[in-house]
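Close look at the chain arrangement
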2 protein chains.
Amino acid sequence: MTEYATTRIQRKNQALIFEAALDVFSSFGFRGATLDQIASTAGLSKPNLLYYYPSKEAIHSAVLTKLLHTWLAPLRELDENGDPIEEILLYVINKLHAARDLPRESRLFANEIVQGAPRIKSILETDLRHLVEDKVRILRKWIKQGRLAKIDPYHLIFSIWSLTQHYADFDVQVQAVTGQETSFDEAEVFLNHLYRRMLAP
Amino acid sequence: MTEYATTRIQRKNQALIFEAALDVFSSFGFRGATLDQIASTAGLSKPNLLYYYPSKEAIHSAVLTKLLHTWLAPLRELDENGDPIEEILLYVINKLHAARDLPRESRLFANEIVQGAPRIKSILETDLRHLVEDKVRILRKWIKQGRLAKIDPYHLIFSIWSLTQHYADFDVQVQAVTGQETSFDEAEVFLNHLYRRMLAP
DNA sequence: GTCTATAGCCTGATAGAC
DNA sequence: GTCTATCAGGCTATAGAC
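Summarised in this report is the structure supplied together with it. (Residues numbered from 1 in each chain as written. Chains lettered and ligands numbered in written order. Predicted model: local features only at pLDDT ≥ 70, side-chain atom pairs only at ≥ 80, totals over all residues. Heavy atoms only, no water.)

1. Some thoughts on the protein's contact with DNA strand D
Heads up, the condition is: Any residue with a heavy atom lying within 4 Å of a molecule or strand is counted as near it. Two N or O atoms form a polar contact when they lie within 3.5 Å of each other; inside protein one atom must be a possible hydrogen donor and the other a possible acceptor, and for residues adjacent in sequence the pair counts only when both atoms belong to side chains. In DSSP terms, a helix is any run of H or I states spanning at least four residues, a strand is any run of E spanning at least two, and both are numbered starting from the N terminus. Amino acids are sorted into nonpolar (Ala, Val, Leu, Ile, Met, Phe, Trp, Tyr, Cys and Pro), charged (Asp, Glu, Lys and Arg) and polar (every other residue, Gly among them).
The environment of DNA strand D is formed by 18 residues, the closest being Thr6, Gln10 and Tyr52 of chain A together with Lys46 and Lys56 of chain B. Counting only atoms of DNA strand D within 4 Å of the protein, the sugar-phosphate share comes to 62%. Interatomic distance of 3.2 Å between a side-chain N/O atom of Asn48 of chain A and a phosphate oxygen of DNA strand D. Contacts to DNA strand D include Leu35 of chain B, whose backbone N or O atom sits 3.0 Å from a phosphate oxygen. Those elements that place two or more of their residues in the surface near DNA strand D are α1 (2-32) and α3 (46-52) of chain A together with α3 (46-52) of chain B. Counting residues per element, the surface near DNA strand D draws most heavily on α1 of chain A, which supplies five residues. Across the surface near DNA strand D, the residue classes tally to eight nonpolar, seven polar and three charged.

2. Structural notes on the protein's contact with DNA strand C
In the vicinity of DNA strand C, 19 residues are found, and the nearest of them are Lys56 of chain A together with Thr6, Gln10, Ser45 and Tyr52 of chain B. Each atom of DNA strand C within 4 Å of the protein belongs either to a base or to sugar and phosphate, the latter forming 68%. Contacts to DNA strand C include Ser45 of chain B, whose side-chain N or O atom sits 2.8 Å from a phosphate oxygen. Ranked by residue count, the leading element in the surface near DNA strand C is helix α1 (residues 2-32) of chain B, at five residues. The class makeup of the residues in the surface near DNA strand C is eight nonpolar, seven polar and four charged.

3. Considering the interface of chain B and chain A
To keep things clear, this is the line we draw: Only heavy atoms enter the contact rule, under which two residues are in contact if any of them lie within 4.5 Å. When two parts are put together, the accessible area they lose, computed with a 1.4 Å probe and summed over both, is reported as buried area. Here, a salt bridge means any side-chain nitrogen of Lys or Arg that lies within 4 Å of a carboxyl oxygen of Asp or Glu.
Across the boundary between the two partners, chain B contributes 53 residues, which contact 53 residues of chain A. Between chain B and chain A lies a buried interface of about 4,800 Å² when both sides are counted; carbon and sulfur atoms form 67% of it. Taken together, chain B and chain A are joined by zero salt bridges. Our enumeration of links across chain B and chain A arrives at 15 residue pairs in polar contact (both at pLDDT 80 or more). Breaking the side of chain B that touches chain A down by element, the ones donating at least two residues are α1, α6 (103-114), α7 (121-144), α8 (153-169), α9 (171-178) and α10 (184-199) of chain B. No other element matches α8 of chain B, which puts eleven residues into the side of chain B that touches chain A. Grouping the constituent residues of the side of chain B that touches chain A by class yields 28 nonpolar, 16 polar and nine charged.

Laid out in structure tokens, this is it:
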């Protein structure tokens with residue numbers, strides 16, 4: 001009974017810490033984030049925070065690895081057996097919605113990568129690279145079959161990442177320039193036009 | 001005579017500090033950068049560094065404001081009297097070359113903006129916004145004249161920023177995924193295809 | 001103008017009471 | 001499991017000798 005209660009508290013605190021860490025790391029990057037901020041955001045004391053994780057590095061690593069799977073899910077869904085252009089468009093829209101609904105996740109990775117990805121470089125070179133290679137193979141097949149414009153499949157994927165994540169990572173600039181809340185509906189119309197035109201064989 | 005010599009030393013040190021600060025701030029962001037790093041990169045002692053600038057904030061601010069003009073130059077060149085598609089393509093290629101030749105500048109701003117642009121938000125809301133508004137006016141005119149596809153001009157500009165700066169800001173990811181040095185020639189071919197297809201009326 | 005030395009603060013992490 | 005108290009180290013910035 002006591003053990004169940006304890007476990008429930010632990011799970012709740014784990015979740016609080018995770019949310020707080022995502023908030024703070026995505027806003028300030030690894031170096032800019034402080035344990036004080038994370039602890040107070042989670043409603044815990046700093047030593048209590050370090051009871052659950054041994055170090056700042058461990059918290060950051062836990063958040064990154066847990067979210068990487070979520071973050072790469074849309075690309076995994078690109079289906080070899082679907083219609084090329086509709087499959088790519090679906091990926092674009094899914095990524096755009098991810099930028100809208102999960103901006104903290106986007107900025108978490110953006111912060112890490114723009115500073116040279118010191119803590120996830122090896123994952124990028126293995127997991128991400130293998131996933132992209134598999135999808136590049138599919139794209140090359142579609143191009144060979146004449147169902148897609150003759151474009152570099154790597155740069156196509158990079159373009160989708162940059163165009164969609166821009167609305168999350170550089171949102172403050174988008175809002176500063178337009179003077180309005182970022183319109184993801186407008187972005188969707190724009191990207192739909194862009195990729196339909198560009199991908200047609 | 002002594003004054004001339006002194007001034008020459010000052011100018012040299014100013015230049016050394018500027019280069020070092022750009023190096024360090026662009027690699028680690030404001031919070032991640034340390035005066036120790038900047039001083040040793042510049043070949044100066046830390047107190048000597050602070051003889052030239054009163055604070056870390058002042059160094060960062062000096063670098064940002066000095067580079068902002070350079071950074072926005074390509075957009076300023078967009079010429080109302082030129083051919084719409086060639087003018088936009090020229091801007092795209094100029095921005096891509098800027099990402100290739102000035103990656104530190106790109107990352108300096110990326111670091112600042114991804115963390116909410118606390119130190120340059122007001123500039124984004126005034127100078128950058130006014131510049132973009134002027135160019136949006138030109139783009140709208142071209143669209144009205146039927147010389148350009150009916151697209152949202154703001155999102156067109158955002159797309160150029162994100163697609164080109166991606167190769168500088170997320171270079172480590174591009175290299176991790178492709179396993180090679182980033183090919184700006186390939187990127188140029190890709191972007192040329194993309195914008196010609198997309199912009200045709 | 002440039003240095004050594006150091007103040008004063010903040011940060012990550014630990015000790016030990018409860 | 002959670003707290004208060006605290007340490008050791010790194011940080012920005014300053015004082016003062018030369």
